[in-house]
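Geometric and topological summary
In case you want the letters, here they are:
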Amino acid sequence: MCGIAGICQLDASPLTPEAGQWVKAMTDRMAHRGPDGEGQWSDGAVCLGHRRLSIIDLSGGGQPMHSADGQLTVTFNGEIYNYAELKEQLSALGGTFRTSSDTEVILEGYRIWGPDCLARFDGMFAFALWDRQRRRLFCARDRFGKKPFFYTVQQGRLYFSSELTGLEQVRHLSLTMDPQAVMRYLAYEYVPTPQSIYAEVQSLPPAHMLLLEDGNVRLARYWDMPVPDETDKRDDAALCEELRFLLARAVRRRMVSDVPLGVFLSGGIDSSIVAGLMARQSPTPIKTFSIGFTEASYDESHYARIAAKAFGTEHHERVLSAEECADTLPGIVSSMDVPMADASVAPTWLLSGVTREKVTVALGGDGADELWAGYEHYIGFKIAQWYNAAPAALRESVIEPLTRLLPSSAGYINPRLAVATFLRAAHAPAWQRVQTMLTAFTPDMQDAILDEGFKAQSPGFLAPEALFAPTREHYDHWQPQNAAAPLARAFHVYARQFMLDDILVKVDRCSMLHSLEVRAPFLDKDAAEFAARLPVSRKLHGFKRKWLLKKAFADLLPKEILHRNKRGFQIPVAQWLRGRLRPLMEDLLCESALKAQGIFNPLTVRALMDRHISGQADLRKPLWTLLVFQLWWRARHN
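Conventions we followed
Residues numbered from 1 in each chain as written. Predicted model: local features only at pLDDT ≥ 70, side-chain atom pairs only at ≥ 80, totals over all residues. Heavy atoms only, no water. Helix = DSSP H or I, 4+ residues; strand = E, 2+ residues; numbered from the N terminus. Rg over C-alpha atoms; globule rule 2.2 N^0.38 Å. Buried < 20%, exposed > 50% of the residue type's maximum accessible area, 1.4 Å probe, protein only. Contact = heavy atoms within 4.5 Å. Areas by Shrake-Rupley, 256 points an atom, 1.4 Å probe, with all protein chains shown as cover. Lys, Arg positive; Asp, Glu negative; His and termini not counted. Charge placed at Lys NZ, Arg CZ, Asp CG, Glu CD. Pairing = 2+ DSSP bridges. Axes fitted to C-alpha atoms, helices over the stretch in contact; angles between N-to-C directions. Salt bridge = Lys/Arg side-chain N within 4 Å of Asp/Glu carboxyl O. Phe/Tyr/Trp six-rings, centres within 6.5 Å; stacked < 30°, edge-to-face > 60°. Core = buried A, V, L, I, M, F, W, Y, C linked by side-chain atoms within 4.5 Å. Expected span 1.5 Å × (residues − 1). Bend = angle between axes of the 7 residues up to and from the residue.

1. Description of the overall build of the protein chain
- The helix and strand tally for the protein chain stands at 28 helices and 19 strands.
- Its C-alpha atoms give the protein chain a radius of gyration of 24 Å, near enough to 26 Å, the size a compact globule of 638 residues would have.
- Across the 638 residues of the protein chain, 61% fall into the buried class.
- Taking as baseline every contact in the protein chain between residues at least 6 positions apart, the subset at least 24 positions apart corresponds to 72%.
- Split by element, the accessible area of the protein chain, about 23,300 Å² in all, is 52% carbon and sulfur.
- In the protein chain, 72 side chains carry a positive charge and 73 a negative one; their mean positions are 3 Å apart.

Written out as structure tokens, the structure reads:
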């Protein structure tokens, strides 16, 4: 796990001497991603930089790395989990290896198979490879986008970096905030790929390669998620056996490390499966890590201890008060390279810190909720189809008025807010339904809260068809329309949008700020394809989420874990905004600051704060989204 950066001249002419200084500035800014070493290499038209977090082949895996013949050079961030098998295959085909590093498999894989090597890699990665003979820059990102890759083409050059903060160090680059990206951030709580917060910068989509050759930059997809096979009639026993094999192998591959490793253990289904499979395959007790909160409504540490005891782990736990967590938030958000308003960024950052005290690599359960129907929203999507089939008179005159009588709460679940969100989603078109359940600011809310001059820069963009165009693209990805049912399309939206730009960004940034590598067995290529191909009913069986996953691992999991309800990794944001974080919110969202910024309407923002503080409404989601943006903005404009 590392940080990469580089510059390449589009016309293959030599770079100016200052290019090395710019690349060093980028990699220095990302030192947290690779504190164990740094490297830089130049060759006429290209300059590649690297920061190393040593995981495999501690003495021989330095980068940028060259092929034996000197014709290929790569800077690589991530891990190729099946590198041992690939090394055998490549050696039989004449491949030459001088190290034990998985990085060298990329060089030899490209040399022998060309860009088609990507189809053979199982891992998490972002890399840039310079082919001296062809004068070609070959870049790629893994199938799910676990590792980041930002790039911009300016002044006849391509610049790339693992983080936006890297590109921000190149002072002559034009980096202007994109008004449409801000609007999408307010809607999604992140800026959806391939867009970035800067108009000139893009994020390479997952499962894509980028080729710079003959002065042209070309993107191409090299993998796609398979369509669910609703005709699959295999019995549960056969499916469970295959799933157990695939996940056990995925975990085993991710246990390869020359440094200590452990596992994030929340006490939920996913992390407990990973921990249990690790324990079964480890000759010594594995290390598990969790954090808890003194506030019972948000604390899961009891379940983590149950799982740790069942698997005989060496368990490490830290219990925090919400106040301690709240006090760390401004610093965490300010250090993120992208504005991302998932409130669980705080506990994820804290957990990463606790884990890094003992190990350098941790496995986690990321990806299972999206691929196996772990979220309540999957059920909401299903119920919405039934709800809309009910008589309009019943819905409008009886059900919806009754929902407004539900109680409100500042705890983990607010019944009134949850039902109101569901109804808003039920009224939305099917393609927009999943995102409606997740949206912080609806188009109408944005229309009210944004400054008139700011909106005028992108007329008509707040129309749902424009604002939520990325969601529509993912929902309609499989053509013709009957290639997948609406609920199957919702799975695709979750995996290619929410998981990509929220869950994986959060885990990557929080872990790498502590120089910790996190691996996700559920996103193993074969295990993920198995899940994606399953009929939806094998994942969401009636109202039972993760149905086949739970069935396959019922003998592994303690009963208290197997039958518990899912809990998100959350913090008491609603309460904090009325108490601990209120002074910070008042400062960041004050009238003078907003007027100087020119993005938000101070009067509307003040009204939102007043309604939340007084308890008239639970506006935790929009206010938190605004607060995070202001923290990100202030870190760059102070």
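So that's the structure; there's more coming.
2. Quick look at the sheet that holds strand β16 (residues 361-363)
- The parallel open sheet is built from five strands, whose spatial order is β15-β14-β13-β16-β17. Single-partner strands in this sheet number two, and they are β15 (314-320) and β17 (517-519). Ignoring strand direction, the axes of neighbouring strands in this sheet form an average angle of 30°.
- Bridge count for β16 against β17 is three bridges, and the pairing is parallel. Counterpart to L363 in the pairing with β17 is R519.

3. Points about the pairing of strand β5 (residues 72-80)
- Counting buried residues along β5, nine of its nine residues qualify, which places the element largely inside the surrounding structure.
- Pairing of strand β4 (residues 65-66) with β5, which is carried by two bridges, proceeds in the antiparallel orientation. Of the residues in β5, the one forming a bridge with H66 is T73.
- Adjacent in sequence and paired antiparallel, β4 and β5 are bridged by five residues, among which G70 carries a positive phi angle near 75°.
- Pairing of β5 with strand β6 (residues 123-131), which is carried by nine bridges, proceeds in the antiparallel orientation. Counted as the bridge partner of N77 is A126 from β6.

4. Description of the pattern of salt bridges
- Under the definition given, this model contains 48 salt bridges.
- With a shortest N-O distance of 3.4 Å, E529 and K525 are connected by a salt bridge. A residue pair is termed a helical-turn pair when its members lie 3 or 4 positions apart in one helix, as E529 and K525 do in helix α21 (residues 525-533) at four residues.
- Judged by relative accessible area, which is 9%, E529 ranks as buried.
- One salt bridge in this structure joins D587 and R634, with 3.0 Å as the shortest N-O distance. Pair noted here: D587 is in helix α25 (residues 582-588) and R634 is in helix α28 (residues 620-637), with a separation of 47 residues, a long-range link.
- With a relative accessible area of 29%, R634 lands in the partly exposed category.
- Here the residues in one salt-bridge network are R33, K147, E163, D337, D508 and R509, joined through shared partners.

5. Examining the packing of aromatic side chains
- All told, the structure shown has 20 aromatic pairs when counted by the stated rule.
- Geometrically, the ring pair formed by F144 and W223 is edge-to-face, given 5.5 Å between the ring centres and 65° between the ring planes. Of this pair, F144 sits in the loop between β7 (136-141) and β8 (150-154) while W223 sits in the loop between β12 (216-221) and α6 (236-253), and the two are 79 residues apart along the sequence. Across the pair, W223 and F144 agree in class, each one buried.

6. Considering the nonpolar core
- Within the largest apolar cluster, 188 residues are counted, with the highest numbers of intra-cluster contacts made by L118, F121, F127, W372 and L626.
- Examining the composition of this core, we find that 14 residues originate from one element, helix α20 (residues 486-512), more than from any other.
- Sequence-distant contacts of F127, that is, excluding residues within four places in its chain, are made with I4, V74, T75, F76, I106, L118, F121, F138, C139, A140 and F149.
- One finds C8, W41, F149 and Y151 within the second-largest nonpolar core, a separate group that totals 19 residues.

7. Re α20
- In a regular helix each residue adds 1.5 Å, so 27 residues correspond to 39 Å; α20 covers 36 Å between its end C-alpha atoms and thus fits that length.
- At M499, α20 shows its strongest bend, of approximately 60°.
- When you tally the buried positions in α20, you get 26 out of 27 residues, the bulk of the element.

8. Some thoughts on the sheet that holds β5
- Taken in spatial order, the six strands line up as β4-β5-β6-β7-β11-β12 in an open sheet, and their pairing is antiparallel. In this open sheet, the two strands that pair with only one neighbour each are β4 and β12.

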